[in-house]
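Coordinates in review
Residue strings, one per chain:
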Amino acid sequence: MSTLIFNGQDLADFGVHISGEGTFNAPTRAVEEQIVPGRNGTLIIDGIGAVLYMPVFVSDFGAKGIWISVFNSVSAFCNAGIDIIAENSLCDYATNPLINIVTSALIILGGLGYIVWWDVLRVVRSCSRKNRKIFKRLTLHSKIAITSTAVLILVGTVLIFAFEYSNPLTVGEMSLFDKLQVSFFQSVTTRTAGFASVPQEDLTNASAAVSIILMTVGGSPVGTAGGMKTVTVAVLICSAFATIRNKNSATMFGRRINEGAIKNAVAVAVAFLLIC
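For the structure given in this document, a descriptive report is provided here. Model, not experiment: these values are computed from the prediction.

1. Focus on the overall build of the protein chain
From N to C terminus, the protein chain includes nine helices and seven strands. Put simply, the protein chain has 276 residues, and 39% of those count as buried. In the protein chain, 59% of the contacts between residues at least 6 apart in sequence involve partners at least 24 apart. Looking at the protein chain as shown, the accessible area adds up to about 15700 Å², and 63% of this sits on carbon and sulfur atoms.

2. Points about the pattern of salt bridges
One pass over the full model with this rule turns up one salt bridge. Ionic pairing is found between Arg122 and Asp119, a salt bridge with its closest N-O pair at 2.5 Å. With Arg122 and Asp119 both in helix α4 (residues 114–126) and three residues apart, the pair spans about one turn of that helix. We classify Asp119 as buried; its relative accessible area is 5%.

3. A few points about the packing of aromatic side chains
Centre-to-centre distance and the angle between the planes together describe a pair of aromatic rings. Within this structure, the stated rule accounts for eight aromatic pairs. For the pair Trp67 and Phe71, a centre-to-centre distance of 5.6 Å together with 65° between the ring planes defines the contact as edge-to-face. Of this pair, Trp67 and Phe71 are both found in helix α2 (residues 64–77), four residues apart, which corresponds to roughly one turn of the helix. The class for Phe71 is partly exposed, based on a relative accessible area of 24%. Look at Phe161 and Tyr165: their rings are 5.3 Å apart centre to centre, the planes differ by 75°, and that puts the pair in the edge-to-face class. When its relative accessible area of 37% is taken as the criterion, Tyr165 is described as partly exposed. Taken together, the ring pairs connect Tyr53, Phe57, Phe61 and Tyr93 into an aromatic cluster.

4. Notes on empty space enclosed by the protein
Under the criterion given, the structure shown has two cavities of 30 Å³ or more. Considered as a void within the structure, the largest cavity measures approximately 60 Å³ in volume. What lines the largest cavity is simply Asn79, Ile107, Ile108, Gly111, Leu112, Thr149, Val188, Arg191, Gly218, Gly219 and Ala225. It is helix α3 (residues 97–112) that provides the largest number of residues to the lining of the largest cavity, a total of four residues. Residues of the lining of the largest cavity, tallied by class, amount to five nonpolar, five polar and one charged. In this structure, the second largest cavity encloses a volume near 30 Å³. Lining the second largest cavity, in full, are Ile160, Glu164, Thr170, Val171, Val182, Ser183, Gln186, Val198 and Leu203. Breaking the lining of the second largest cavity down by element, the ones donating at least two residues are α5 (140–164) and α6 (176–189). Here the lining of the second largest cavity takes three residues from α6, the largest share from any one element.

5. Quick notes on helix α8 (residues 230–244)
Its 15 residues place the ends of α8 21 Å apart at the C-alpha level, agreeing with the 21 Å of an ideal helix rising 1.5 Å per residue. Of the positions making up α8, those classed as buried are Thr230, Val231, Thr232, Val233, Ala234, Val235, Cys238, Ser239 and Ala242. Those residues of α8 that are buried lie in contact with α5, α7 (205–217), β6 (251–252) and α9 (259–275).

6. Quick word on a nonpolar patch on the surface
A contiguous nonpolar surface patch, about 460 Å² in accessible area, is contributed by Val58, Ile66, Trp67, Val70, Val74 and Ile84. Ranked by the residues each element gives to the nonpolar patch, the list is headed by α2, at four residues.

The rules behind these values
- Every chain is numbered on its own, with residues counted from 1 as its sequence reads.
- Given that this is a predicted model, residues contribute local features only at a pLDDT of at least 70 and side-chain atom pairs are listed and counted only at 80 or more, while totals for whole chains, interfaces and linings are drawn from all residues.
- Only hydrogens and water are removed before side-chain values are computed, so all heavy atoms of the structure are retained for them.
- Where helices and strands are cited, they refer to DSSP runs of H or I of at least four residues and of E of at least two residues respectively, numbered from the N terminus.
- Buried, partly exposed and exposed residues are distinguished by accessible area as a fraction of the type maximum, computed with a 1.4 Å probe on protein chains only: under 20%, between the cut-offs, and over 50%, respectively.
- Pairs of residues are marked as contacts when any of their non-hydrogen atoms sit within 4.5 Å.
- Here the Shrake-Rupley method, with its probe set to 1.4 Å, supplies the accessible areas, and only the displayed protein chains count as covering residues.
- A pairing counts as a salt bridge when a side-chain nitrogen of Lys or Arg comes within 4 Å of a carboxyl oxygen of Asp or Glu.
- Pairing of aromatic rings covers Phe, Tyr and Trp, the last through its six-membered ring, and needs centres within 6.5 Å; plane angles under 30 degrees mean stacked, over 60 mean edge-to-face, and all others mean tilted.
- Cavities and pockets are defined on a 1 Å grid built over the protein atoms alone: a cavity is a set of grid points where a 1.4 Å probe fits but cannot escape, while a pocket is an open set with protein on both sides within 12 Å along at least five of seven lines, and lining residues are those with an atom within 4 Å of any such point.
- Grid points are joined across faces, edges and corners, and a volume is the space filled by probe spheres set on the points.
- Three residue categories are used. Nonpolar comprises Ala, Val, Leu, Ile, Met, Phe, Trp, Tyr, Cys and Pro, charged comprises Asp, Glu, Lys and Arg, and polar comprises the others, including Gly.
- Helix span, as expected, comes to 1.5 Å for every residue beyond the first.
- The patch calculation keeps residues exceeding 30% relative accessible area without a salt bridge and links them within 9 Å when they carry like charges or within 5 Å when they are nonpolar (Val, Leu, Ile, Met, Phe, Trp, Tyr).

Laid out in structure tokens, this is it:
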């Protein structure tokens, strides 16, 4: 019984034996070091979020505000919706632009997913002065995730703003700017983040229905948000429209969506609806 010699190393020590004898050289290739945003990027974003929170929370809670800032930043990025501020979540800060912007940004970044992070960083690093078309060079997945997220936030903001405009229990008594920022925050946070800047029980039925739809869709794949996922819903809608228009295949951004992706989207949607 002979031993296997692999790349100059006797593998008998590993219990590998063959009936013949031979020498094999392992192929070599250059390996480019990759920085994984999910490893270091999360800490950076959570840290930036905590620092931006501190002027408000330290001013209101003193030294305890540092811990509140860190906790809230991590919770927002993870789309957890857990806070240690008050029983009414962020309702006391409903008209604070800093809290609204920072919390919304953390929720969106976490919900986009690490795949989108990697892709955006890849494109940005490879950009030249002559070619700065970042979105065009993204993968189909990233394009769908970013576009779906933007559309959901925009449509949700407009609908909630319209349905709550005259509701005295939520935004009815606020200025136009405050109505817009509260509507925007509600549209962002309902996609499984769970924070609240207005009492959810006081929403109109129409706004509650919009919130349920946004919660059902949720965030993007490989992100911190839950839900059915933006890409899944986008693929299902695109496939449905292709069928209605009697097209042989569904396309998005000039790319054909393969049948396997459509089947996976249907399976995820059915499983999600059955579980819920």
